[in-house]
Amino acid sequence: MYKLLSHNDLDGVGCGILAKLAFGKQVKVRYNSVSSLNREIEFFLENDQPDTFLFITDLSPNKENEKRLDDFYHAKGKIQLLDHHKTALHFNDYGWGYVLVEDNEGKLTSATSLFYKYLVKHRLLEATDAITEFVELVRQYDTWEWEKNKNHRAHSLNSLFYLVSIDDFEEKMMERLLTSEHFDFDEFEKKMLNMEEDKIDRYIRRKKREIVQSETGDHIAGIVYAESYHSELGNELGKEYPHLDYIVILNMGGKRISLRTIHDHIDVSEIAGYFGGGGHQKASGCSLTDDAYKQFVLDTFHLEPIQEDAKRNRYNLKQSSFGSLYKNRSEDVFLLYQTNDQNWMIEKNKTVMEQAFTSFEEGEQFLKRNYEAWLVRDDQFVEYLMNEVKKASQQD
Ligand SMILES: [Mn+2]
């Protein structure tokens, strides 16, 4: 007998599908949240047959269970942990652990891609085109490589995963992988997925108007409440507000936090680690502990959402060398403009500030991090210019 304990997201369930393809009725699969894994491990050690082979994929046990599993392994228990999370690398110290973040071709891994390689290598599953394509879609979604590759099918696969129950998804995918030569969606799914993508877009647009900005230690974070679409949200909010170091997504019902960053210089697995969680450099999570609650909920609850930049301007545009006009909540007015020596400077309420910037982005980042300023609409820009002209002509 085999038992698989895996994560309850697409990558985790991808492992379950592979296990069922390989072992059929000989495997019991249980999907877990990060926090429920440890209960399942304890249940396995106390109740399952000692000759059952245990796989753990896409999740890490806590310290106590790490020890228990190692004892079980040395008592001739059969166990294999496969993971790709940076915070799980220490499991490589064990004979039963295999954690790989990036393969030798420099490609990011996922639990499903690691488990597929493992099963094929040990001749437990025969590789086919359809399975290989499915595994690659899961990998690209989980590592977010799909966005760079514009592989929307990977994103659609994850959307489909959340549209149906895990049981239905497993059943649909297994049938497809067993009978089709290539992996594809059917016509009905394609229609549904189009509607779902629109719905996600609308959800994200609303969240862009709810996010607040807060200083957290050495960083500036964006904080938003959301129950769904955490990866999409983290990515879109990160790109919309690149002056934020990272995005904190609070799921109050689940008492969970997701952390996302688009920046290479930030490691959100460290921040999650501080609150007892873990994950990847750009995507991590932790529980909403008392400390995290104080920092992200209590201390930010009174804050006003970030004001979006005016989007439909024809005159007050970013990067305009003679100036882009910004404002903040205290009605300070900022003009960000390029000087003759190619530097970018800021005039705050008509007084030149001392800082000079080598690019527009750098100057804008400064304005947004320090003043939460936003690009004003054309009408306010025109009014500002007319006042300038009036003043100039009065001086003549
Ligand atoms: Mn994963």
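Residues numbered from 1 in each chain as written. Predicted model: local features only at pLDDT ≥ 70, side-chain atom pairs only at ≥ 80, totals over all residues.

**A few points about the environment of Y315**
The condition that has to hold: We count a stretch as a helix when DSSP gives it H or I for four or more residues in a row; a strand needs E for two or more, and each element gets its number in order from the N terminus. Here contacts are defined at the residue level, using C-beta atoms placed from the backbone and a cut-off of 7 Å between them.
Along the chain, Y315 turns up in the loop between α12 (290–297) and β12 (324–327). Through-space distance from the C-alpha of Y315 to that of L5 is 57 Å; in sequence the pair is 310 residues apart. Contacts of Y315, omitting those with residues within four sequence positions, involve D378, F381 and V382.

**Regarding the domain arrangement of the chain**
As a measure of interface size, the accessible area lost when the parts come together is often cited. We count it as follows: What fixes the domain bounds is an automatic or database domain assignment.
Each assigned domain of the chain is listed here: domain 1 (2–185), domain 2 (209–300) and domain 3 (324–395). The C-alpha-based centres of domain 1 and domain 3 are spaced at 52 Å.

**Remarks on the UniProt feature "domain: Oligoribonuclease NrnB C-terminal" (unreviewed entry) in the chain**
The following threshold applies: UniProt positions are given in the numbering used here, feature names are shortened, and annotations may be inferred rather than shown by experiment.
With numbering aligned to this structure, UniProt lists the feature "domain: Oligoribonuclease NrnB C-terminal" (unreviewed entry) at residues 323–394. Along residues 323–394 one finds 40% helix and 33% strand; the C-alpha atoms at either end are 23 Å apart.

**Things to note about the pairing of strand β8 (residues 246–251)**
The following threshold applies: Put plainly, a residue is buried at 20 or more neighbouring C-beta atoms within 10 Å of its own, exposed at 12 or fewer, and partly exposed in between, counting only other residues' C-beta atoms, which are placed from the backbone. Whether two strands pair comes down to DSSP finding at least two bridges between them. A crossover gets the label right-handed when its path from the first strand over the helix to the second runs clockwise, viewed with the strands pointing away from the viewer.
Counting buried residues along β8, 5 of its 6 residues qualify, which places the element largely inside the surrounding structure. As paired strands, strand β7 (residues 219–225) and β8 are joined by 5 bridges and run parallel to one another. Each residue of the ladder has a partner; that of A221, found in β8, is Y246. Handedness of the β7-helix α10 (residues 230–240)-β8 crossover: right-handed. With 5 bridges joining them, β8 and strand β9 (residues 256–260) adopt antiparallel strand pairing. Within the sheet, the bridge partner assigned to I247 lies in β9 and is R260. In this antiparallel pair of consecutive strands, β8 and β9, the connection spans 4 residues, and K255 shows a positive phi of 50°.

**Description of the sheet that holds strand β14 (residues 344–348)**
Stated formally: Axes, fitted as lines to C-alpha atoms, cover a helix only where it is in contact. Angles between the N-to-C directions of the axes lie from 0 to 180 degrees.
One open sheet holds the 5 strands; their spatial order is β15-β14-β13-β12-β16, and the pairing between them is antiparallel. Whereas interior strands pair on both sides, the edge strands pair on one side only; in this sheet they are β15 (351–357) and β16 (374–375). Direction of pairing for β12 relative to strand β13 (residues 333–338): antiparallel, over a ladder of 4 bridges. Paired with K327 across the bridge in β13 is V333. Across the face of the sheet, helix α13 (residues 360–371) comes into contact with β12, β13, β14 and β15 while running at roughly 165° to β13.

**Topic: the sheet that holds strand β1 (residues 2–7)**
Taken together, the 5 strands give an open sheet; going across it, the order is β2-β1-β3-β4-β5, and neighbouring strands pair in parallel fashion. Looking along the sheet, the strands with just one partner apiece sit at the ends: β2 (27–32) and β5 (97–99). Neighbour to neighbour, the strand axes of the sheet diverge by 15° on average, direction disregarded. Strand direction decides the pairing type here: β1 and strand β3 (residues 53–57), joined by 5 bridges, are parallel. Bridging from a neighbouring strand, Y2 pairs with F53 of β3. Contacts from helix α1 (residues 10–23) reach β1, β2 and β3 within the one sheet, and its direction differs from that of β1 by about 160°. Together, β1, β2 and β3 form the strand contacts of helix α2 (residues 37–47), whose direction differs from that of β1 by roughly 170°.

**Remarks on the packing of helix α4 (residues 111–121) against helix α5 (residues 129–143)**
Interaxial distance between α4 and α5 falls to 8 Å at its minimum, and their mutual angle equals 145°. Contact with α4, carried on its side by T112, S113 and Y116, involves V135, V138 and R139 of α5 and no other residues of that element.

**A look at the packing of helix α9 (residues 187–208) against α10**
Defined as follows: When an angle is under 35 degrees it counts as roughly parallel; over 145 it counts as roughly antiparallel; between 65 and 115 it counts as roughly perpendicular; any other value is oblique. Each crossing is labelled by how the near helix is turned from the far one, with a counterclockwise turn of less than a right angle marking it left-handed and a clockwise turn marking it right-handed. Basically, the charged four are Asp, Glu, Lys and Arg, the nonpolar ten are Ala, Val, Leu, Ile, Met, Phe, Trp, Tyr, Cys and Pro, and anything else, Gly included, counts as polar.
The N-to-C vectors of α9 and α10 enclose an angle of 50°; their axes lie 10 Å apart at closest approach. As far as their axial angle goes, α10 and α9 are oblique. As for the relative orientation of α9 and α10, their crossing is right-handed in sense. Contacts between α9 and α10 involve I200, I204, K207 and K208 from the first element and E232, L233, E236, L237 and E240 from the second. When the residues that make up the contact of α9 with α10 are grouped by side-chain class, the tally is 4 nonpolar, no polar and 5 charged.

**What to know about the nonpolar core**
Note the following rule: To form a nonpolar core, buried Ala, Val, Leu, Ile, Met, Phe, Trp, Tyr and Cys residues must be joined through C-beta atoms within 7 Å.
Judged by nonpolar contacts, the single largest core of 47 residues is most densely connected at L18, A19, F115, F134, V138, Y141 and L157. The element contributing the most residues to this core is α1, with 9 residues. If we skip the residues at most four places from it in the chain, V138 touches L10, D11, G14, S110, T112 and L157. Counting residues in each nonpolar core, the second largest holds 24 residues, with V224, Y246, I249 and A292 among its members.

**Let's talk about unusual backbone geometry**
Of note, R123 is a non-glycine position whose phi angle comes to about 55°, a positive value. Mapped onto the secondary structure, R123 falls in the loop between α4 and α5. Owing to 8 C-beta atoms within 10 Å, R123 belongs among the exposed residues under this scheme. Residue E372 is not a glycine yet carries a positive backbone phi of 50°. Note that E372 resides in the loop between α13 and β16. Judged by local crowding, E372 falls into the buried class, with 20 C-beta atoms found within 10 Å.

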